[in-house]
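Here are the chains, one letter per residue:
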Amino acid sequence: MEAVVPHEITTELTQILANLVLGDNKIRSNAEQAVNDRLAQTPDLYLLALAQFSIAADTEVMRSFSLVLLRRLLFRVAPGQQPREGRLTLYDQLPAHALTTLERLLLHSLSHEPLDAVRRKTVDTVCDLAINSMSRGRPWHALQAQTFTMTQTGEAGFRECAYRLFSGCPNLVMDLQTDAVLTVFRKGLQDSQSVEVRLAALRASVSYLTACDQLQLSHSLSLLYPMLDTLPSLPNIHLKSFLSSLTPLCSSHPSLFVPHMNALLSFLRGLIMPSVDSGPTPTVAKPFPGASSSFTFPPGGSGSRTHDDSDEVTEDEEKELVRKAALEFMVSLTEAKPTLAKRSEGWTAAMVRASLEGMGELQEDTLDSWLEADPSEDAQDENYPHVYEQSLDRVACALGGKAVLPPAFQYIPSMLANYDWRLRHAGLMAIAAIAEGTSKVMQMELGKVVDLVTPMFKDAHPRVRYAACQCVGQLCTDLEEIIQDRYHEQLFAALIPTLEAPEPRVHSHAAAALINFCEGVERDTLVPYLDPIVERLLKMLNPGAEDGKIVKGYVQEQAITTLAMVADASETTFAKHYTSIMPLLLNVLRNANSSDHYKLRAKAMECAGLIAIAVGRNVFRADANTLIELLIKIQNSPVDPSDTMLPNFLIATWAKICQALGTEFEPFLPVVMPPLLNAASAKADVSIYDDEDDVGEMREGWETISMDGQIVGIRTSTIDEKCQAFDTLVVYCATLGGRFAPYLTQSLELSLPALKFYFHDGVREAASRLIPLLFSCGKQSGTLTSQMVAASFLQLIHSIRAETDPSFLSSLYRALADGLRVVGIPALTPDLQAALIEATKHQLQTLADKRKRRAESPEDDREELALLEEVEEFALEDMEKLLKMLDGQHPLLIAISSVRDLGFNQWDSEEERDSDG
């Protein structure tokens, strides 16, 4: 193909690309700068040179690299432009003739590239170019024609790439006759020569069906038959990829699978169950009667072995991958359309049984290393069958107790009685996994569940006792208050002795389970057990020298955390243990300064603060100055960047001390407020990426979100600390009232813009609570001005109009109402009141439109919509309360009732849902 750029450009680019792939950082950095410089000056020449290089380069590596680089550069924000200045990319700066040439070069690469691996890179680049061109109104008819031509070619590699193009850019076929599209896709799905072509055609079919409108979809239902027909004949090495490619369709269009449920169950049931005789299982003592006790492959053979050990391992690994992919397919379909699973006989039972089987497949001979490992660093955790446990949890949450509990408890009792510790362990973890989703029904049989679980605390195997702790802890969370109220005697009788288990991992986990228990227990229920609990926790924290053992760090951390929760739950009754515990905590804060004790120090801070609140200022006062001096010393010490826990825990502990001391905390404000205001004023540390490829492997402490069409990386530690700072400002202001006045202005200046801090909902919630508290502080101290009030109300009203989250909308209306209660209705001037009414009208119209759209989508999950409308109802209630404050007969009250009427009636109970489904 003739050159489209001058020879000197090609020569220079060749050298730059060669330098980019070198390992020398300095050379590579200079090459990257050179690329940016050239693109800033003549982007069209260098982008076309890259496209030409993808055809003319001698090596596979350089052709591939040029295609990858071209794909990344085309839609990058143009050099020298701020990311939010219209988002013009290099593509947008190319003249029409350059775009035409670029398309021609890529089509040439697509049709002439001899190597499949490079051609796939061309496909990726072409798809990106096609999608972005079409979104800008530039069709690419030549690509559409060439792709259809490629589906007819005799070379499988080119046919595969054609379907990859349809998959990556479904818009190529969305405007064509449905029958013509289905014909092409069926041909690919039935390709007898290449499994890669069939897989690419399957992915193309999924993309097409996902992109179809309702009319197209109704005419494309027959495509499911050849799509599913690709599965049965596949070997395991390919089956996983096919199942995984189909799974997204389960989530987006579950109704497509309705006619196929019986056939799917017949096929998938055999894949999701273990395929070897592993001895007794939860379901049968010998799952494959008549088979030999050892595994042979191929099954039914004469016994001669044609595979070496490594081949057998590979075969087993492939089967396991297929097994997980098949289960994920079933679970995804179940989550997307629960009624479909409930109506398909055997579907739920198969998933439950497969999950239970998988949960029992732990490694046998790893007890010693498990006992010695720190739970947070346990390498064995990678081998734990999380997939099966999570699948059971997801199925339970999707289907509820009426569907899941019967098949689960068909097997769980026998698992708990099995001689194999792995199955006893799995049975307990299974109860923990299903508790959340089945809690409404499980509570009716909770006594039987407790009777099954509590004897397992005496099991001979440490990991079973550990699982019993996990199970009880989860039950206490998922059936909070119910299980604590009804069965506290049985649970305490099991947990308290386990605090003295000989294995650190077991007694530490028993302490962890007590935290879950305390979160839902009444004080009077806990008090009779307080002494034995505290006695054992203190022994875990400070075992003494008589046994000669050094207590593990994670055990001390857990003991301190549990003591804090027990103190919080038992309140003033904890005072009798104060003198035994506070000196130990102060000692930790004095001495735990090395990096391996940072977590222990943070937990000791938290515990000291909670105990101070529990026992009250009169008991705490004697140690208050000592604790405060230690915290000041820690606060003023050099910062270790690796101690990521300290900032949050330090801020939170100061807040707890303020709660404990009340107004006596005022003298310490000059010490605590400067770093607190600094944390509250922190800006979000963000990085903006052009595409997902730029994100790479996220740094620890960062996460990505999609915002305004961009991928934004956020440093979570900074915004978590900001949220903690705002929560603490709320505590200080609420506790100290008018005494907080010296910091009123600064706090208000931080709070108003924080209402629109979209990176963290907690910051916005705290800011909305803080504003009326600051009004009260200012009123008490005589420092509140009318300008402060007007500016605050104006910002609240602007936020109300712009808010899209009904949950926070409710908080904004509450903040405005609480502020008016402090300063009086007249503070809301006629102009502000008019703006509020307009903002409220806008929100009512938005809510009405949302509810009307939902009414037109009967396929949506009614339970999810019911939860959404419940949140909206809170917003409507707070809106209504505010309007009634202004005028008991306000005309918009009728509008609120009208919006309510647009919602649908929720099911009252899970049983009704089940009977309907």
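Scroll up for the structure.
Every value quoted in this text rests on a predicted model; they were computed, and no experiment measured them.

A. Local environment of the overall build of the chain. Along its length, the chain carries 43 helices and three strands. Put simply, the chain has 917 residues, and 51% of those count as buried. Within the chain, counting contacts between residues at least 6 apart in sequence, those at least 24 apart form 73% of the total. When the accessible area of the chain is evaluated, it comes to approximately 41,600 Å², of which 51% is carbon and sulfur surface.

B. Representation of the packing of helix 24 (residues 482–498) against helix 25 (residues 504–518). For the pair helix 24 and helix 25, the least separation of the axes is 10 Å and the interaxial angle reads 160 degrees. The angle between helix 24 and helix 25 falls in the class roughly antiparallel. By crossing handedness, the relation of helix 24 to helix 25 is classed as left-handed. Each of Q484, H488, L491, F492, L495 and T498 in helix 24 lies in contact with helix 25, whose residues at this interface are V506, H507, A510, A513, L514, N516 and F517. Among the residues making up the contact of helix 24 with helix 25, the classes are represented as eight nonpolar, five polar and no charged.

C. Region of the structure containing a negative patch on the surface. Residues E480, E481, D485, E519 and E522 make up a contiguous surface patch of negative charge. Topologically, E481 is positioned in the loop between helix 23 (462–478) and helix 24.

D. Main features of the packing of helix 25 against helix 28 (residues 553–570). Contact geometry for helix 25 and helix 28: axes closest at 9 Å, N-to-C directions at 20 degrees. The orientation of helix 25 with respect to helix 28, classified from their angle, is roughly parallel. When you trace helix 25 past helix 28, the crossing you get is left-handed. Here P504, R505, H507, S508, A511, A512, L514, I515 and C518 of helix 25 come into contact with helix 28, specifically with Y554, V555, Q558, T561, T562, M565, V566 and A569.

E. Spotlight on the layout of surface pockets. There is about 1,000 Å³ of room inside the largest pocket. In this structure, the largest pocket is lined by 38 residues; those nearest its centre are V639, D643, L646, P647 and E721. Among the secondary structure elements, those contributing two or more residues to the lining of the largest pocket are helix 29 (578–591), helix 30 (598–615), helix 31 (617–636), helix 32 (646–661), helix 33 (669–680) and helix 35 (716–736). Counted by class, the lining of the largest pocket contains 19 nonpolar, ten polar and nine charged residues.

F. Spatial organisation of the pattern of salt bridges. This structure, assessed with the given rule, holds 37 salt bridges. D761 serves as the salt-bridge partner of R764, at 3.9 Å between the closest nitrogen and oxygen. Of this pair, R764 and D761 both sit in helix 37 (residues 761–781), separated by three residues, roughly a single helical turn. Taking relative accessible area as the criterion, R764 reaches 4% and is therefore assigned buried. By relative accessible area, which is 46% here, D761 ends up partly exposed. Two residues, R814 and D878, come together in a salt bridge whose shortest N-O distance is 3.1 Å.

G. Quick look at the nonpolar core. Formed by 292 residues in total, the largest nonpolar core has its most connected members in F620 and F740. The dominant element in this core, judged by the number of residues it contributes, is helix 21 (residues 421–442), at twelve residues. Discounting residues that sit within four places of it in the chain, F620 has contacts with Y578, M582, A612, V615, L627, I657, A660 and L661. Membership of the second largest hydrophobic core comes to five residues, among which are W370, Y466, A501 and V506.

H. View of the side chain of R424. Looking at where R424 falls in the secondary structure, it is placed in helix 21. By relative accessible area, which is 11% here, R424 ends up buried. Not counting the four nearest positions on each side in its chain, R424 is found in contact with M415, L416, N418, Y419, M456, D459, H461 and V464.

I. Up close: unusual backbone geometry. At E481, a position not held by glycine, the phi torsion is positive, near 75 degrees. With a phi angle near 55 degrees, E571 is a residue other than glycine that sits in the positive phi range. As for its placement among the helices and strands, E571 is situated in the loop between helix 28 and helix 29. On the accessibility criterion, E571 (42% relative accessible area) is partly exposed.

J. Expanded view of the environment of D179. Tracing the backbone shows D179 in helix 9 (residues 178–189). A relative accessible area of 58% means that D179 is categorised as exposed. Along the chain, D179 and S220 lie 41 residues apart, while their C-alpha atoms are 8.2 Å from each other.

K. Local environment of the packing of aromatic side chains. A complete count under the given rule lists 16 aromatic pairs for this structure. On the numbers, 5.9 Å between centres and 45 degrees between planes, the contact of F665 with F668 is tilted. The burial state of F665 is the same as that of F668; both residues are buried. One aromatic cluster is present, built from ring pairs that chain together F148, Y163, F166, F185 and Y208. Directly above the aromatic system of F158 lies the positively charged group of R119, at a separation of 3.8 Å from the ring centroid.

Definitions and cut-offs
- Residues numbered from 1 in each chain as written.
- Predicted model: local features only at pLDDT ≥ 70, side-chain atom pairs only at ≥ 80, totals over all residues.
- Heavy atoms only, no water.
- Helix = DSSP H or I, 4+ residues; strand = E, 2+ residues; numbered from the N terminus.
- Buried < 20%, exposed > 50% of the residue type's maximum accessible area, 1.4 Å probe, protein only.
- Contact = heavy atoms within 4.5 Å.
- Areas by Shrake-Rupley, 256 points an atom, 1.4 Å probe, with all protein chains shown as cover.
- Axes fitted to C-alpha atoms, helices over the stretch in contact; angles between N-to-C directions.
- Parallel < 35°, antiparallel > 145°, perpendicular 65-115°, else oblique.
- Left-handed = near helix turned anticlockwise from the far one by under 90°.
- Nonpolar A, V, L, I, M, F, W, Y, C, P; charged D, E, K, R; others polar.
- Patch = residues over 30% accessible without salt bridge, like charges linked within 9 Å, V, L, I, M, F, W, Y side chains within 5 Å.
- Salt bridge = Lys/Arg side-chain N within 4 Å of Asp/Glu carboxyl O.
- Lys, Arg positive; Asp, Glu negative; His and termini not counted.
- Charge placed at Lys NZ, Arg CZ, Asp CG, Glu CD.
- 1 Å grid on protein atoms, 1.4 Å probe; cavity = no way out; pocket = protein on both sides within 12 Å on 5 of 7 lines; lining within 4 Å.
- Points joined across faces, edges and corners; volume = space filled by probe spheres on them.
- Core = buried A, V, L, I, M, F, W, Y, C linked by side-chain atoms within 4.5 Å.
- Phe/Tyr/Trp six-rings, centres within 6.5 Å; stacked < 30°, edge-to-face > 60°.
- Lys NZ or Arg CZ within 6 Å of the ring centre and 35° of its normal.

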